[in-house]
Amino acid sequence: MMSKIASLSDIEKLAFQKLDKNALDYYASGAQDEITHYDNKKAFDRYQIRPRFLRDVSKVDMSTEIFGEKFSSPIFVAASAMQKMAHPIGEVGSARSACKHGVCYSLSTVSTTSLEEVSESVQSLVAEGHKSVRWFQLYVYKEKEKTIALIRRAEKAGFTAILITVDTPFTGRRLANIRNAFKMPTHLKLANFEAEEDGNSEKEECGNDDSTWPPKLVAGQLDPGLSWEDIKWIKSQTHLPVLVKGILTHEDAKIALDSGMDGIVVSNHGGRQLDSVSATIDALAEVVSGCENKIPVLMDGGVMRGTDVFKAIALGAKAVFVGRPVLWSLAHDGENGVDLMLDILSEEFRMAMALSGCTSIKDINRNYIQLSPKYYTKL
Ligand SMILES: Cc1cc2nc3c(=O)[nH]c(=O)nc-3n(C[C@H](O)[C@H](O)[C@H](O)COP(=O)(O)O)c2cc1C
Ligand SMILES: CCCCCCCCCCC(=O)C(=O)O
């Protein structure tokens, strides 16, 4: 029995004791040998913070702004599928928690709560004076009209940006899911696939009626032929800012910039897609350089500590997303669990800023970070 929860790792340990094998394997898995999955976390330790002292740090302002929206901290909630497997409140719990914390929430296409219900669930908080900024993560359908219908629903439901995931032409090989034939529990459904986008009353069935993951109906919709031309076309179809999620190289960053994208998320999908790619914190500086400071670069992958957030900001990220920690927190204690996790992480980040002599986000820059001497070759 743990005395008091003090870190995201503590929450993770409790969630591991609570979740059933099916859900735990799905949430925890990385692809193949999970080299990238583990490196995402370890890589942060390869960087050191260079603190400055004797500055007045009695007030620390963690707030940041992206696309004209102000957030109370740069710690955002990542889009992750099927959150009701962690706790019955699912996406509603994580969305409400993000809203209460004044941070951005991103919702997966493959959610177990529809995007309309998620929007509805934060309205009482908005009425109390909280601001809710919600971004919609888009998996692009083979059929263009279905993709557009999803975007229209997101626009109508008050989502303010579209995150197009580009690292998933196919789902990665997550061995635990293959070995135990992962199944979404039968009482859950992929809620965004229910409503017929063309307004027809006939509904698509997207419950768990087959033994494979993703369900054939859904996986069969992913378009492995997706190209930058399609992404540009999607961008032309919406007034919302469009970010590409899953970029790892300066070459692709430059193409995203030249293609008119509004932002980039450096991500390797939590190590769940191609194994052996670089940890995201290692890829961040390269992607930032490819963007020439013209569009915001955000990142995710392995963020567990306030010092991780600090390091990412120092290397040029405008904000970070947390993925699995949200799922562990939901499993631990639903919406309260996510509240606790965001409280701990933002307090750690506030402390990292204060202890390194930074009182605002714009103070944090490359001068505050170095590669640990263990990892660079001396001249
Ligand atoms: C269980 C799970 C489901 C995910 N589902 C999605 C998804 O539906 N769409 C997407 O773009 N990324 C998805 N991701 C990736 C996350 O958005 C994010 O990139 C990743 O979790 C960040 O790494 P972290 O878990 O180490 O924080 C998922 C990740 C996990 C762990
Ligand atoms: C428009 C088709 C949607 C296709 C869904 C693909 C399954 C992805 C599963 C969720 C995910 O990203 C994950 O890491 O797991």
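Residues numbered from 1 in each chain as written. Chains lettered and ligands numbered in written order. Predicted model: local features only at pLDDT ≥ 70, side-chain atom pairs only at ≥ 80, totals over all residues. Heavy atoms only, no water.

## As for the overall build of the chain
A tally of regular secondary structure across the chain gives 14 helices and 12 strands. At 20 Å, the chain has a C-alpha radius of gyration in line with the 21 Å of a compact globule built from 379 residues. Considered along the principal axes of its C-alpha atoms, the chain spans approximately 65 × 55 × 45 Å. The 379 residues of the chain split such that 57% are buried. (Helix = DSSP H or I, 4+ residues; strand = E, 2+ residues; numbered from the N terminus. Rg over C-alpha atoms; globule rule 2.2 N^0.38 Å. Buried < 20%, exposed > 50% of the residue type's maximum accessible area, 1.4 Å probe, protein only.)

## Remarks on the nonpolar core
With 119 residues, the main nonpolar core has Phe76, Trp135, Ile264, Leu284, Met299 and Phe349 as its most contacted residues. When residues in this core are grouped by element, the largest group, 14 residues, is from helix 14 (residues 324-355). Those residues in contact with Leu284, other than ones at most four positions away along the chain, are Val266, Val297, Met299, Ala312, Leu315 and Ala317. (Core = buried A, V, L, I, M, F, W, Y, C linked by side-chain atoms within 4.5 Å. Contact = heavy atoms within 4.5 Å.)

## What to know about the site of ligand 1
In the vicinity of ligand 1, 22 residues are found, and the nearest of them are Ala79, Ser108, Thr165, Asp300 and Gly302. Contact between ligand 1 and Ser108: an oxygen atom at 2.6 Å from a side-chain N or O atom of the residue. Mapped by element, the contributors of at least two residues to the shell around ligand 1 are helix 2 (21-28) and helix 14. A class-by-class count of the residues in the shell around ligand 1 yields 8 nonpolar, 10 polar and 4 charged. (Near = heavy atom within 4 Å. Polar contact = N/O pair within 3.5 Å; in protein donor to acceptor, adjacent residues only side chain to side chain. Nonpolar A, V, L, I, M, F, W, Y, C, P; charged D, E, K, R; others polar.)

## Here we look at the site of ligand 2
Neighbouring ligand 2 are 14 residues; Tyr26, Tyr139, Arg174, His269 and Arg272 lie closest to it. In the model, an oxygen atom of ligand 2 is placed 2.7 Å from a nitrogen or oxygen of the Arg174 side chain. Contacts to ligand 2 include His269, whose side-chain N or O atom sits 2.8 Å from an oxygen atom. Counted by class, the shell around ligand 2 contains 9 nonpolar, 3 polar and 2 charged residues.

## Quick word on the pattern of salt bridges
Scanning the entire structure with this criterion turns up 18 salt bridges. Glu116 is the salt-bridge partner of Arg153, the closest N and O atoms lying 2.8 Å from each other. Residue Arg153 is located in helix 7 (residues 144-156), and its partner Glu116 is located in helix 5 (residues 115-121); the two are separated by 37 residues in the primary sequence. Judged by its relative accessible area of 12%, Arg153 falls in the buried class. Here Glu116 falls in the partly exposed class, since its relative accessible area comes to 33%. Overlapping salt bridges bring together Arg96, Lys100, Glu335 and Asp339 as one network. (Salt bridge = Lys/Arg side-chain N within 4 Å of Asp/Glu carboxyl O.)

## Some thoughts on the UniProt feature "active site" (unreviewed entry) in the chain
According to UniProt, the "active site" (unreviewed entry) feature falls on His269. Not counting residues up to four positions away in its chain, the partners in contact with His269 are Tyr139, Thr165, Asp167, Thr168 and Arg174. A distance of 3.5 Å separates a polar atom in the side chain of His269 from a polar atom in the side chain of Tyr139. (UniProt positions renumbered as here; feature names shortened; annotations may be inferred.)

## Here we look at the packing of helix 3 (residues 35-44) against helix 12 (residues 280-290)
Remark: helix 3 packs on helix 12, axes separated minimally by 8 Å, with the N-to-C direction vectors making an angle of 75°. With respect to helix 12, the axis of helix 3 lies roughly perpendicular. Residues Asp39, Asn40, Ala43 and Phe44 of helix 3 form the contact with helix 12, whose own contacting residues are Thr280, Ile281 and Asp282. Each residue belonging to the contact of helix 3 with helix 12 can be placed in one class, and the counts come to 3 nonpolar, 2 polar and 2 charged. (Axes fitted to C-alpha atoms, helices over the stretch in contact; angles between N-to-C directions. Parallel < 35°, antiparallel > 145°, perpendicular 65-115°, else oblique.)

## Focus: the packing of aromatic side chains
Pairs of aromatic rings are described using the distance from one ring centre to the other and the angle between the two planes. Considering all chains together, one arrives at 12 aromatic pairs under this definition. Considering the side-chain rings of Phe76 and Trp135, the 6.0 Å spacing of their centres and the 90° angle between planes classify their relative orientation as edge-to-face. Separated by 59 residues along the polypeptide, Phe76 in strand 4 (residues 75-77) and Trp135 in strand 6 (residues 134-138) bring together distant segments of the chain. When sorted by exposure, Phe76 lands in the same class as Trp135, which is buried. Taken together, the aromatic side chains of Phe16, Tyr26, Tyr27, Phe182 and Trp328 make up a single cluster linked through ring pairs. Note that Lys131 overlies the ring of Phe71, its terminal NZ or CZ placed 6.0 Å from the centroid. A cation over an aromatic ring shows up here: Arg272 above the ring of Tyr26, its NZ or CZ 4.8 Å from the ring centre. (Phe/Tyr/Trp six-rings, centres within 6.5 Å; stacked < 30°, edge-to-face > 60°. Lys NZ or Arg CZ within 6 Å of the ring centre and 35° of its normal.)

## A closer look at the UniProt feature "binding site: glyoxylate" (unreviewed entry) in the chain
With numbering aligned to this structure, UniProt lists the feature "binding site: glyoxylate" (unreviewed entry) at Tyr26, Tyr139, Arg174, His269 and Arg272. Structurally, Tyr139 can be placed in the loop between strand 6 and helix 7. For Tyr139, the contacting residues outside a window of four places in its chain are Thr109, Val110, Leu150, Thr165, Thr168, Leu222 and His269. Residue His269 is classed as buried on the basis of its relative accessible area, which comes to 13%.

## Some remarks on the state of the cysteines
Chemically, a disulfide is nothing more than a covalent bond linking the sulfur atoms of two cysteines. In this structure the tally under the stated criterion is 0 disulfides. Of all cysteine sulfurs in the structure, the one in Cys99 sits closest to Cys104, which takes part in no disulfide; the separation is 11 Å. (Disulfide = S-S within 2.5 Å.)

## Considering unusual backbone geometry
A positive phi angle, near 50°, is found at Met82, a position not held by glycine. When you line up the elements, Met82 lands in the loop between strand 4 and helix 4 (90-100). Judged by its relative accessible area of 0%, Met82 falls in the buried class. Here Glu292, not a glycine, exhibits a phi torsion of approximately 50°, which is positive. Here Glu292 lies in the loop between helix 12 and strand 10 (297-300).

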